[in-house]
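Summary of the model geometry
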Protein chains: 2
Amino acid sequence: MSDVYASRRTRLRERCSASGSTAALITRPANVRYLAGPAPHGAVLLLGRCEDVLVCPHPPDDRPAEGRPDETLPVHVLNGPGDPAVAAAGIAGERRADSLAVEEHHLTVARHRAVGSVAPRVRLADLGGAVEQLRVVKDEEEISCLRIGAEIADQALGELLESILVGRTERHLALELERRLVDHGADGPGFPTSVATGPNSGRRGHRPTDRRVEEGDFLSVCLGATYRGYRCEIGRTFVIGTSPADWQIDLYDLVFTAQRAGREALAPGAAYRDVDRAARQVLDSAGYGERLQPLTGHGVGLEIDEDPQLAPTTMGKLDACVPVTVEPGVHLPGRGGVRIDDTLVVRPEADGGPELLTITTKELLAL
Amino acid sequence: MSDVYASRRTRLRERCSASGSTAALITRPANVRYLAGPAPHGAVLLLGRCEDVLVCPHPPDDRPAEGRPDETLPVHVLNGPGDPAVAAAGIAGERRADSLAVEEHHLTVARHRAVGSVAPRVRLADLGGAVEQLRVVKDEEEISCLRIGAEIADQALGELLESILVGRTERHLALELERRLVDHGADGPGFPTSVATGPNSGRRGHRPTDRRVEEGDFLSVCLGATYRGYRCEIGRTFVIGTSPADWQIDLYDLVFTAQRAGREALAPGAAYRDVDRAARQVLDSAGYGERLQPLTGHGVGLEIDEDPQLAPTTMGKLDACVPVTVEPGVHLPGRGGVRIDDTLVVRPEADGGPELLTITTKELLAL
């Protein structure tokens, strides 16, 4: 694995020198993880002209459960309280870097000031989203982690569907799902599990309440596993009871059609906003345009919400090996709604088209 | 409750005008929650000369489970994607504020720039930790939420101790505790539950692994509930099996003595660093000075780690009605260790001294 991390750092170094910086300070945790492997909480990475260093906070023994950082990387541990980013800037100053690129979208104004004042001769530049851009296209090792995570989420969801649901609260169902994720080998949930019943169903990111599942409810569930740091996402909507109402069948069919249109639009070279439009126009033309969430899907990886954003105003085009969600939904205030959410990997047509990672059925199940 | 929020905003407004700002932009979520009540994820608060406004992201229906914001507060919901902080700065500009105090310790450099560019005639100032300072001393309503949260955590822990532990993994025990927190009425865990066995025991913030509990292990557990937004913390260390080893008894007694010394040092007017020193010197004089974590305790409230920090270099003194943790610990690499962690409220001697919220026994239990 250390080869992988080293080659990622080399690519970043090339970008930095192209933009005139001799050093870069990586503070955003997922970016540190991407370039250095699993590192202690709060660690930062100083990328130098040739040698890099991982700067870790005190105390030295706060290791993450999922592994250790790249062992070829020198490690500097603070010997007391302090900000590793400030210490790293100090090291950059001692090494006579003339320009240090920092993540202005992650560093706070106060921290940026502290970083600048410890190395006053070093000019601070903006690294922007350079690491996030490197992270968009995944290698097969990363995709394999996502695939395993998706299998785990499918298993957890499948088991829940076999149990009795009526009378149980959203909170309990969410905890039950999270326990099952861990049972099946996840590091943990990839994000807070969302379980929404009745009038709450169909709301994106709904936080579980004490409402109990009732006959006739829509039940929408969104969950995901973290596996070796990688996070996937699956969302499904079910009906509780034997016979869905007509409005439920119609709304489900509509969202299903929109979601399928989004999935089918995934291809290398497809514009982000065209994928969004494919799903959105189905819901729009049915009169739900006003109620729609700002995006139809997003990248996943070391974070659950990464680039690209599949939204009307995002510029850019999909590449092969980019994992994204496709997750349109409609929520009708007071009544509830439907969300259907898959994680897929963009693949060329010659390789069979988009690879569906979350394979739980999308038929409308009555439970 | 809206009176409470309004009077908090009035106190903040007085501080702002004293430092020359006619408006303030609150972005840090716990600070927004403190001044405006439970608000949608991503909402920001614009504090004006007279009228305040809560600016919420799109979509409008992403409400938190725990309640609604102060209903006397005007709400502005974005009608599309965008940063509520930028929108709020635009409103401040339209209202001809000349100076807008922002939270430089929370806003990123990139966001600060966007806020500044939307209202170029408004001078941006630094609000610093003004809201965090207001939050340090709690009212009795807040303390009551912490007290209930602590009762819930005590119950969850007590039930775990009655179950069979040997052979179960750290991850499963942590999930079990989190389920029990919710069973007993918590909104959720106050922070990721830490369960550490054998060589992992005694490590602060240890993330649970697949290691199973074995006979002869130290088992250290740290958990807390969130109740109406307020977070408490309890940590205990146990021995698995019938007869603790001598080194375990000695280490436990030592950490217990240090923790008691810390608790007994809590009083209105006591310097933060003197409380830290009371606990730290016990461990120091036993030769563990090098291995100690940078702090002995910290404030709790809407966040699990708030001001004050009980640490050797922190300036300041305790007030009455400040809830803090006292949580010294020692971890011996390869062997494990002990942590004991309580949440207490500082009270004057005349009121009986510090109020212990987490009442689970601190005797060394052999399970």
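Analysis parameters
- Residues numbered from 1 in each chain as written.
- Chains lettered and ligands numbered in written order.
- Predicted model: local features only at pLDDT ≥ 70, side-chain atom pairs only at ≥ 80, totals over all residues.
- Helix = DSSP H or I, 4+ residues; strand = E, 2+ residues; numbered from the N terminus.
- Rg over C-alpha atoms; globule rule 2.2 N^0.38 Å.
- Buried ≥ 20, exposed ≤ 12 C-beta atoms within 10 Å, placed from the backbone.
- Contact = placed C-beta atoms within 7 Å.
- Nonpolar A, V, L, I, M, F, W, Y, C, P; charged D, E, K, R; others polar.
- Least-squares fit on C-alpha atoms with pLDDT ≥ 70 in both.
- Domains from an automatic or database assignment.
- Core = buried A, V, L, I, M, F, W, Y, C linked by C-beta atoms within 7 Å.
- Axes fitted to C-alpha atoms, helices over the stretch in contact; angles between N-to-C directions.
- Parallel < 35°, antiparallel > 145°, perpendicular 65-115°, else oblique.
- Left-handed = near helix turned anticlockwise from the far one by under 90°.
- Expected span 1.5 Å × (residues − 1).
- Pairing = 2+ DSSP bridges.
- pLDDT = per-residue confidence, 0-100.
- Right-handed = clockwise from strand over helix to strand, strands pointing away.

Observations concerning the overall build of chain A
Each helix and strand counted, chain A has nine helices and 19 strands in total. The C-alpha radius of gyration of chain A comes to 23 Å, within 12% of the 21 Å expected for a compact globule of 367 residues. C-alpha extents for chain A along the principal axes are approximately 70 × 40 × 40 Å. Counting over 367 residues, chain A shows a buried share of 50%. Summarising the internal contacts of chain A: among those between residues at least 6 apart in sequence, 67% fall at separations of at least 24.

So, the interface of chain A and chain B
On the chain B side, the residues contacting the 31 residues of chain A number 32 residues. With five residues, the top contributor of residues to the side of chain A that touches chain B is helix α7 (residues 170–183) of chain A. Residue classes in the side of chain A that touches chain B are distributed as 13 nonpolar, 10 polar and eight charged.

Re the environment of N200(B)
All names here are of chain B. For N200, the position within the fold is in the loop between β8 (194–197) and β9 (218–223). Classification of N200 by C-beta neighbours within 10 Å gives buried; the count is 25. Here the alpha-carbon distance between N200 and G336, two residues 136 residues apart in the chain, equals 5.4 Å. Apart from residues no more than four positions distant in its own chain, N200 is found in contact with H206, T209, R211 and G336.

Overview of the relation of the copies chain A and chain B
You can overlay chain A on chain B at an RMSD of 0.0 Å; the transform is a turn of 180 degrees with a shift of 0.0 Å along its axis. This pairing of chains is accounted for by a two-fold axis. Of the C-alpha atoms belonging to chain A, the one lying closest to the rotation axis is found on T108(A), 1.9 Å away. A shared interface surface links the copies, since 100% of the contact residues of chain A are contact residues in chain B too.

Notes on the domain arrangement of chain A
All names here are of chain A. Split into domains, chain A comes out as domain 1 (2–134) and domain 2 (137–356). Put simply, the middle of domain 1 and the middle of domain 2, counted by C-alpha atoms, are 34 Å apart. It is helix α2 (residues 29–36) that provides the largest number of residues to the side of domain 1 that touches domain 2, a total of three residues. Residue classes in the side of domain 1 that touches domain 2 are distributed as four nonpolar, no polar and three charged.

Considerations on the nonpolar core
Nonpolar side chains tend to gather and get buried jointly when the protein is soluble and globular. In this structure, L25(A), L100(A) and L100(B) are the most contacted members of the largest nonpolar core, which totals 198 residues. For L25(A), the contacting residues outside a window of four places in its chain are V44(A), L46(A), A85(A), A88(A), A89(A), L100(A), V102(A) and V115(A).

Digging into the packing of helix α6 (residues 140–161) of chain A against α7(A)
All names here are of chain A. The N-to-C vectors of α6 and α7 enclose an angle of 135 degrees; their axes lie 9 Å apart at closest approach. Taken together, the axes of α6 and α7 lie oblique to each other. In terms of crossing hand, the pair formed by α6 and α7 is right-handed. Two secondary-structure elements touch here, α6 through I152, A153, A156, E159 and L160 and α7 through L173, E176, L177, R180 and L181. Residues of the contact of α6 with α7, tallied by class, amount to seven nonpolar, no polar and three charged.

Here we look at α6(A)
Along an α-helix, residues three or four positions apart point the same way, because every turn accommodates 3.6 residues. The end-to-end C-alpha distance of α6(A), which contains 22 residues, comes to 31 Å, matching closely the 32 Å that a straight helix rising 1.5 Å per residue would cover. Residues of α6(A) that are buried: E142(A), C145(A), L146(A), R147(A), G149(A), A150(A), I152(A), A153(A), D154(A), A156(A), L157(A) and L160(A).

A closer look at the sheet that holds strand β3 (residues 53–56) of chain A
In a beta sheet, neighbouring strands pair by backbone hydrogen bonds and run either parallel or antiparallel. Residue and element names in this part refer to chain A. Sheet architecture is open: six strands sit in the order β4-β3-β2-β1-β5-β6, paired in mixed fashion. Each of the sheet's edge strands pairs with one partner strand only, and the pair in question is β4 (75–77) and β6 (123–126). Ignoring strand direction, the axes of neighbouring strands in this sheet form an average angle of 25 degrees. As paired strands, strand β2 (residues 44–47) and β3 are joined by three bridges and run antiparallel to one another. Paired with V44 across the bridge in β3 is V55. The sheet contacts of α2 involve β1 (23–26), β2 and β3, and relative to β2 the element is tilted by about 60 degrees.

Points about the environment of G301(B)
Residues and elements named next belong to chain B. Looking at the secondary structure, you find G301 in the loop between β13 (297–299) and β14 (306–310). The class of G301 is buried, set by 25 C-beta atoms lying within 10 Å. With 23 residues separating them in the primary sequence, G301 and V324 have C-alpha atoms 8.9 Å apart.

Looking at α7(A)
Residue and element names in this part refer to chain A. The end-to-end C-alpha distance of α7, which contains 14 residues, comes to 20 Å, matching closely the 20 Å that a straight helix rising 1.5 Å per residue would cover. With respect to burial, α7 is a largely interior element, 10 of its 14 residues being buried. Those residues of α7 that sit buried are E170, R171, L173, A174, L175, L177, E178, R180, L181 and V182. Just past α7, the residue G185 takes up positive phi, approximately 110 degrees.

Points about the confidence of the model for chain A
Per-residue pLDDT for chain A averages 94, and the proportion of residues at 70 or more is 98%. Two numbers describe this predicted complex: its pTM, 0.89, and its ipTM, 0.86.

Structural notes on the pairing of β6(A)
Residue and element names in this part refer to chain A. Note: strand β5 (residues 99–102) against β6, four bridges, orientation parallel. If you follow L100 over to β6, its bridge partner there is L124. Where the polypeptide runs from β5 across helix α4 (residues 109–118) and back to β6, its parallel neighbour, the crossover connection is right-handed.

A closer look at the packing of helix α8 (residues 246–264) of chain A against helix α9 (residues 272–288) of chain A
Residue and element names in this part refer to chain A. Close contact between α8 and α9 brings their axes to 7 Å; oriented N to C, the two are set at 160 degrees. In terms of axis orientation, α8 runs roughly antiparallel to α9. In the crossing of α8 with α9, the sense of the turn from one axis to the other is right-handed. Contact residues: α8 offers L254, T257, A258, Q259, A261 and G262, while α9 offers V275, A278, A279, V282, L283 and A286.

Examining the sheet that holds β9(B)
All names here are of chain B. Taken in spatial order, the three strands make up an open sheet running β8-β9-β12, and their pairing is antiparallel. The open sheet has two free edges, formed respectively by β8 and β12 (234–239), since each of these has just one partner strand. For this sheet the average axis-to-axis angle between neighbouring strands, irrespective of direction, equals 10 degrees. In this structure, β9 lies alongside β12, joined through six bridges in antiparallel fashion. Looking at the pairing, C222 lines up with G235 of β12. Relative to β12, helix α6 (residues 140–161) is tilted by about 20 degrees, and along the sheet it contacts β9 and β12.

Here we look at unusual backbone geometry
All names here are of chain A. Each neighbour pair has its own omega, and for D307 with P308 the value is 0 degrees, a cis peptide bond. Note on placement: P308 falls in strand β14 (residues 306–310). Of note, R96 is a non-glycine position whose phi angle comes to about 60 degrees, a positive value. In this structure, C321 is a non-glycine residue whose phi angle is positive, near 70 degrees. Judged by local crowding, C321 falls into the partly exposed class, with 19 C-beta atoms found within 10 Å.

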